[in-house]
Structures are given as C-alpha cells and as structure tokens.
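Working through the structure, step by step
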Amino acid sequence: MKGFRVLLGIALAAVAVVGCAPKDVAGKERVEDGAVAENAQPKYDVVLSLPSDLEGVEVFSQGDSRIYTQNQGEYTIAVEVLQADSPEIMLRELTGLNPERLTVMTTWQGDFPRYDLTWACAGESGLMVCRGVVLDDGCHFYAVTATMPETLTAEYTERVESCFAGLSLTENTDGTFTAP
C-alpha cells in the first residue's frame with residue numbers, strides 16, 4: 001500500500017499539461033482542428049507482459065478492446081484503442097471524469113506522447129483505485145488501465161506496475177488489432 005501511495009502522491013503532485021497542439025507524432029499528423037478520421041484502423045498493436053495470474057484469462061474481447069480479470073476476480077487490466085479529437089476527450093471517455101479533475105503526467109515514450117494517470121471510483125465492493133497509461137500515435141490512443149479495490153492495492157501494485165513498465169507499441173502489419 002505504501003508503494004502505491006507514493007506512486008499516487010507523485011502522480012497527484014506532478015503538474016501536467018494535457019493539451020495537444022497539432023503536431024507530427026510518429027509520422028502522423030493530427031488535423032488542424034484536432035479531428036481524426038473515423039473508423040481508421042490502428043497502426044500499432046499493444047505489447048505488454050501480463051502478470052502470470054492474468055495470462056489466458058481474457059473475459060471480454062470486442063473490436064479494439066480486451067479485458068483481463070485476475071483468477072479470483074480481484075483486479076482487472078483493460079487494453080483498448082480509442083479515437084478522440086483530443087487528449088482531453090480521450091481522458092473523459094477513458095475515466096468518465098472531467099479532465100480538469102485528473103492529474104496527468106505527460107512524458108514521451110520514444111516517438112509517442114505518454115499519459116500516466118490515477119483516479120478512484122465507486123465499485124460494488126467499495127472504493128476502486130484505477131491506474132492508466134495511454135500512448136498517442138497522433139491518430140489513436142492506446143490505453144492500458146488497471147482497476148482494483150483500494151484494500152488490495154498493496155498486494156497487486158507491483159504486478160500492475162510491471163505490466164505498465166513493459167508497455168510498448170509495435171507496428172500492425174495485418175490491419176487487425178492484437179493485444180496480449
């Protein structure tokens with residue numbers, strides 16, 4: 001729990017700018033008004049190492065989304081590709097919260113802007129803690145999120161963080177989205 005609280009404290013203390021000016025990102029150009037082409041195929045696949053208690057436990061798969069639930073159902077990791085006109089709209093779609101209420105650390109991972117964020121929400125069994133990482137290729141937002149009960153953060157934080165540490169994108173060669 002202490003490690004997660006430190007991470008949460010760092011994330012909340014960081015001042016992040018979530019704005020996105022039109023710019024060239026990984027060879028793609030966001031159109032001047034921020035709009036992206038509807039239904040464009042993702043150019044990349046998400047690569048990450050799932051914790052061993054999540055391997056082969058995909059409980060939902062539809063289009064560009066995959067959800068993995070831990071064997072006892074204590075935490076989930078979701079992988080999805082989102083299209084939005086801006087990072088702010090994507091953050092609202094991903095978290096359900098107004099982006100002004102979030103603290104987002106914006107950095108770069110290779111050629112891609114990377115957004116790291118944490119938030120909390122109500123769940124069936126109490127407060128749920130959520131952590132997300134999003135990579136932006138200029139056309140799509142590749143999001144990986146983890147959700148767990150606040151009471152279990154100490155137990156699962158290390159596993160979840162190792163998943164985020166290995167996150168990367170690889171070029172999609174066959175036109176279909178794949179995730180772990």
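Model, not experiment: these values are computed from the prediction.

**Some points on the environment of Gly-138**
Along the chain, Gly-138 turns up in the loop between β9 (126–136) and β10 (141–149). Judged by its relative accessible area of 3%, Gly-138 falls in the buried class. Along the sequence, Gly-138 and Asp-85 sit 53 residues apart, while their C-alpha atoms lie 9.8 Å from each other.

**Overview of the pattern of salt bridges**
What the rule picks out here adds up to four salt bridges. A salt bridge links Asp-116 to Arg-131; the nearest nitrogen and oxygen atoms lie 3.2 Å apart. With Asp-116 in strand β8 (residues 112–123) and Arg-131 in strand β9, this residue pair connects regions lying 15 residues apart in the sequence. We classify Arg-131 as buried; its relative accessible area is 8%. When the shortest N-O distance is used, the salt bridge between Glu-161 and Arg-131 registers 2.8 Å.

**Some points on the packing of aromatic side chains**
Per the counting criterion, the structure on display carries three aromatic pairs. Considering the side-chain rings of Tyr-44 and Phe-112, the 5.2 Å spacing of their centres and the 80 degrees angle between planes classify their relative orientation as edge-to-face. One end of the pair, Tyr-44, is in strand β3 (residues 44–47); the other, Phe-112, is in strand β8, with 68 residues separating them in the sequence. Like Phe-112, Tyr-44 is buried. Taken together through their ring pairs, the aromatic side chains of Tyr-44, Phe-112 and Tyr-142 make up a single cluster. The ring of Phe-164 has Arg-131 lying over it, and the distance from NZ or CZ to the ring centre is 4.6 Å.

**Things to note about the nonpolar core**
In this structure, Val-46, Leu-48, Ile-77 and Val-144 are the most contacted members of the largest nonpolar core, which totals 25 residues. Looking at this core, the elements with two or more residues in it are β3, β6 (76–82), β9, β10 and α3 (153–165). When neighbours within four sequence positions are excluded, Val-144 is seen to be in contact with Val-46, Leu-48, Ile-77, Ala-78, Val-79, Arg-131, Gly-132, Val-133, Phe-164 and Leu-167. If you look at the next biggest cluster of nonpolar residues, it comprises 15 residues, including Leu-91, Leu-94, Cys-130 and Val-134.

**Observations regarding the pairing of β9**
Most of β9 sits inside the fold, with nine of its 11 residues counted as buried. By the bridge criterion, 10 bridges tie β8 to β9 in an arrangement that is antiparallel. The residue of β9 that forms the bridge with Ala-122 is Leu-127. In textbook terms, the turn of a hairpin is the stretch between consecutive antiparallel strands, and for β8 and β9 this stretch comprises two residues. Here nine bridges tie β9 to β10, and the two strands are oriented antiparallel to one another. Bridging across to β10, Gly-132 finds its partner in Thr-145. Connecting β9 to the antiparallel partner β10 that follows it, the hairpin turn spans four residues, and Gly-138 within it adopts a positive phi of roughly 95 degrees.

**Section: the side chain of Asp-136**
Its location among the elements puts Asp-136 in strand β9. A polar contact is formed between the side chain of Asp-136 and the backbone nitrogen of Gly-138, at a distance of 2.7 Å.

Reading the values: the criteria
- Residues numbered from 1 in each chain as written.
- Predicted model: local features only at pLDDT ≥ 70, side-chain atom pairs only at ≥ 80, totals over all residues.
- Heavy atoms only, no water.
- Helix = DSSP H or I, 4+ residues; strand = E, 2+ residues; numbered from the N terminus.
- Buried < 20%, exposed > 50% of the residue type's maximum accessible area, 1.4 Å probe, protein only.
- Salt bridge = Lys/Arg side-chain N within 4 Å of Asp/Glu carboxyl O.
- Phe/Tyr/Trp six-rings, centres within 6.5 Å; stacked < 30°, edge-to-face > 60°.
- Lys NZ or Arg CZ within 6 Å of the ring centre and 35° of its normal.
- Core = buried A, V, L, I, M, F, W, Y, C linked by side-chain atoms within 4.5 Å.
- Contact = heavy atoms within 4.5 Å.
- Pairing = 2+ DSSP bridges.
- Polar contact = N/O pair within 3.5 Å; in protein donor to acceptor, adjacent residues only side chain to side chain.

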